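# Close look at the chain arrangement
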There are 2 protein chains.
Amino acid sequence: MKICVLGGDGYCGWATALYLSKRGHQVAIVDNFLRRQWDFELGVQTLTPIQPLADRLRVWQELTGEAIDLFTGDVTDYEFLSSALAAFHPDAVVHFAEQRSAPYSMIDRKHAVFTQINNVAGTLNLLFSIKELQPDCHLVKLGTMGEYGTPNIDIEEGYIRIEHNGRSDVVPYPKQPGSFYHLSKVHDSHNIMFACKIWKLRATDLNQGVVYGTVTDETALDEALINRFDYDDVFGTVLNRFCVQAAAAHPLTVYGRGGQTRGFLDIRDTVRCIELACLNPANPGECRVFNQFTEQFSVLELAQMVQAAAGKLGVAVKVDHLPTPRVEAEEHYYNAKHSRLLDLGLRPHYLSDSLLDSLMNIAIRYQDRINTSLFLPQVKWQNPHNTLGRTVAPAAVATPGGD
Amino acid sequence: MKICVLGGDGYCGWATALYLSKRGHQVAIVDNFLRRQWDFELGVQTLTPIQPLADRLRVWQELTGEAIDLFTGDVTDYEFLSSALAAFHPDAVVHFAEQRSAPYSMIDRKHAVFTQINNVAGTLNLLFSIKELQPDCHLVKLGTMGEYGTPNIDIEEGYIRIEHNGRSDVVPYPKQPGSFYHLSKVHDSHNIMFACKIWKLRATDLNQGVVYGTVTDETALDEALINRFDYDDVFGTVLNRFCVQAAAAHPLTVYGRGGQTRGFLDIRDTVRCIELACLNPANPGECRVFNQFTEQFSVLELAQMVQAAAGKLGVAVKVDHLPTPRVEAEEHYYNAKHSRLLDLGLRPHYLSDSLLDSLMNIAIRYQDRINTSLFLPQVKWQNPHNTLGRTVAPAAVATPGGD
């Protein structure tokens, strides 16, 4: 298949592009390198020394003989996006090209507005360009399990049958997102569902859990292909951050009691889920939702697993309970369905001792790059005006509807 | 009370500002006159000859002795909005300042993106400025009944208790909006609900039905105070449009079979509902939702009522069934609850023969201003690229997050 990966220079996007290329698909990456710009803005860097994309792509081609096309530009620029799609003519577009950090969106008003405009306008542009240029192309959109929040009932995959006052209907599952970023994904989901309805587009909305791990078979081929490993309080995901904290013999920073329960998955399952969605496209007019995770854990359970893994390596770390910077339930019911990707053939990499060992080893290998000042949360949800010290303005907001 | 009306130069906003002023509240209007600009863009004008806002306000003060403050600017400009709120220091902000036409949002990509950015960024700015400047101020936000779509179960007021797999929770009512405009209101509702949760703001989200009528006690005081009366296919609401069509002896343009059922209300009830919401504010942290309409009708029922009213005036009009330009169910279940405003004391003006007579009389009085070329729908939902002939680009999109 011809698959276009928007945001293919990012954490999930890079691993996905290589995996799809290795599996014989013809791959193009679209990226504007805004993720790298945010590292400069926040004064942070990935634990692993990632290479410029041009170098990554050159090494990949040298090692595998597979070329990956590159279109450099911004999906909020409709003329750029539509010309890239017209040139590549994909069967599927995988859309990772969004601002994906909840804390980043909660820094202040400018970051909140930027996140929502960037994500919503980019996705609207994509829907219009698919409709105009290639209406049969399958949109594979990354949503988030965070769209659902933590309701006191089971979380279904996108839709729920409601019996009410003697009548019944299947309706979109009610959303209770927990940050301006998560809200942007909810807005996207509503827009995509509507576009499928009126234009008979095909879409799969993948509500992904929290991703951990960094190594995939493809990125392991050469150090020049190494993936991002974010551990800072803004872009770091929780399990990756705990491993780096352990490698630095720093207490693991659990927010509140740590009963916050979420769905998690290994990045090797992320890339496989994307391929499964592409190989089994939605029907015209269908907006399908898959919950993309493999296991549920509470944050405290993860901390205790990392503590044990570190102990095996002779590193004693304690677990610190910090006041949560978010507004969230610290203990709650959580039972989210996730059978549809399994039905398509996903064989999960469950979180194991050996995976934790490997993550710890990566963290130890690059421990001279660890900046321990990035561990503690600085963005507080109740403060509409966080000053991180290291933060300047977000990248200029494009004018997606104008010009 | 001190009440700030954002969008106070528009159809509902103007009637609301005068009503609140007459009732003894201290009123300020914030407006950027974009609604008047859209008339130029689309080559349309209101049936009634509205006066410049400065003249309207001067006449109001001469007649009543009541001054209404005016802040001219755009709510997507945070510095402007926050300085206006800081200067006026309102107890309640009534937010009408959004692009409110479904067909306008469906013209093409630029109008869709403009509508969502304008509405979402404006409301985000308002939430941040209330939090920063006056967190006790009550936000009264105009949503729309169109957020709910037409589910096959009863529509509740904002929230619904779901029993599922032996468990139970009260969650936001699932939304299935029918245009990029209606989607923008859904996005707003989610953002407002979240802001109330994290910052303990007070908000009332008024999901308003389709408004009809133009005369209120206040606008009737002098012709210089006359309100808008839109009948074109883009901004005209259905009952007003039917009356103007009847006055021109033009067939009434029912889309499809006409079984589309919606909630409706008289503009005299709109203004009272707004006051009731202001006088009975939400609690801190509460995001309340009221369904603001008084009666349900199908479009065909309305056409038949107008046909009968016209017949009494000796005007014979027929009802034309045009292919619907929208993507919508032409027959469906519809039962929407609307008791909360009644509980607060609303005494509805139900649609009556005398009201229809009065609407017909207005339409006849201004019939030399009727442009019959504006009656037929030109914006088709399935076409991502409508060319109205009379349409140019939308007003430049502001850069709400940048600079």
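A few points on the structure.

Turning next to the overall build of chain A. Counting its secondary structure elements, chain A contains 12 helices and 14 strands. Relative to a compact globule of 403 residues, whose C-alpha radius of gyration would be 22 Å, chain A shows 20 Å and is just as compact. Over its C-alpha atoms, taken along the principal directions, chain A stretches across nearly 65 × 55 × 45 Å. Here the analysis covers contacts within chain A between residues at least 6 apart in sequence; of these, 84% occur between residues at least 24 apart.

Time to look at the relation of the copies chain B and chain A. Superposing chain B onto chain A takes a rotation of 180° combined with a translation of 0.0 Å along the rotation axis, leaving an RMSD of 0.0 Å. Each copy turns onto its partner about a two-fold axis.

On to the sheet that holds strand E2 (residues 26–31) of chain A, then. Residue and element names in this part refer to chain A. The sheet built from seven strands is open, its strands ordered E3-E2-E1-E4-E5-E8-E12 with parallel pairing. Each edge of the open sheet is held by one strand with a lone partner, namely strand E3 (69–72) and strand E12 (287–292). Strand-to-strand twist of the sheet, defined as the mean angle between neighbouring strand axes without regard to direction, takes the value 20°. Examined bridge by bridge, strand E5 (residues 138–144) and strand E8 (residues 202–208) share seven bridges and lie parallel to one another. Directly across from Lys141, in E8, lies its bridge partner Asp205. On the sheet, helix H7 (residues 180–199) packs against E5, E8 and E12 and is oriented at approximately 150° with respect to E5.

All right, on to the interface of chain B and chain A then. Taken together, the 52 residues of chain B in the interface contact 52 residues of chain A. Contributions of two or more residues to the side of chain B that touches chain A are made by helix H6 (109–133), strand E6 (159–164), strand E7 (167–172) and helix H7 (180–199) of chain B. The element that contributes the greatest number of residues to the side of chain B that touches chain A is H6(B), accounting for 13 residues.

A few words on the nonpolar core. With 246 residues, the main nonpolar core has Val93(A), Val94(A), Cys243(A), Val306(A), Val93(B), Cys243(B) and Val306(B) as its most contacted residues. Here Val94(A) is in contact with Ile3(A), Cys4(A), Val5(A), Leu6(A), Thr16(A), Val140(A) and Ile274(A), once residues within four sequence places are set aside.

Below, the discussion takes up the environment of Ser101(A). All names here are of chain A. Here Ser101 shows up in the loop between strand E4 (92–95) and helix H5 (102–105). We classify Ser101 as buried; it has 24 C-beta atoms within 10 Å. Sequence separation of Ser101 and Leu70 is 31 residues, and the distance between their C-alpha atoms is 24 Å.

Another aspect to go through is unusual backbone geometry. Residues and elements named next belong to chain B. Phi at Asn165 is positive, roughly 50°, even though this residue is not glycine. Structurally, Asn165 is set in the loop between E6 and E7. Residue Asn165 is classed as exposed on the basis of its 9 C-beta neighbours within 10 Å. In this model, Ala249 sits at a positive phi of 55°, which is unusual for a non-glycine residue.

So, how was this worked out
Residues numbered from 1 in each chain as written. Chains lettered and ligands numbered in written order. Predicted model: local features only at pLDDT ≥ 70, side-chain atom pairs only at ≥ 80, totals over all residues. Helix = DSSP H or I, 4+ residues; strand = E, 2+ residues; numbered from the N terminus. Rg over C-alpha atoms; globule rule 2.2 N^0.38 Å. Contact = placed C-beta atoms within 7 Å. Least-squares fit on C-alpha atoms with pLDDT ≥ 70 in both. Pairing = 2+ DSSP bridges. Axes fitted to C-alpha atoms, helices over the stretch in contact; angles between N-to-C directions. Core = buried A, V, L, I, M, F, W, Y, C linked by C-beta atoms within 7 Å. Buried ≥ 20, exposed ≤ 12 C-beta atoms within 10 Å, placed from the backbone.

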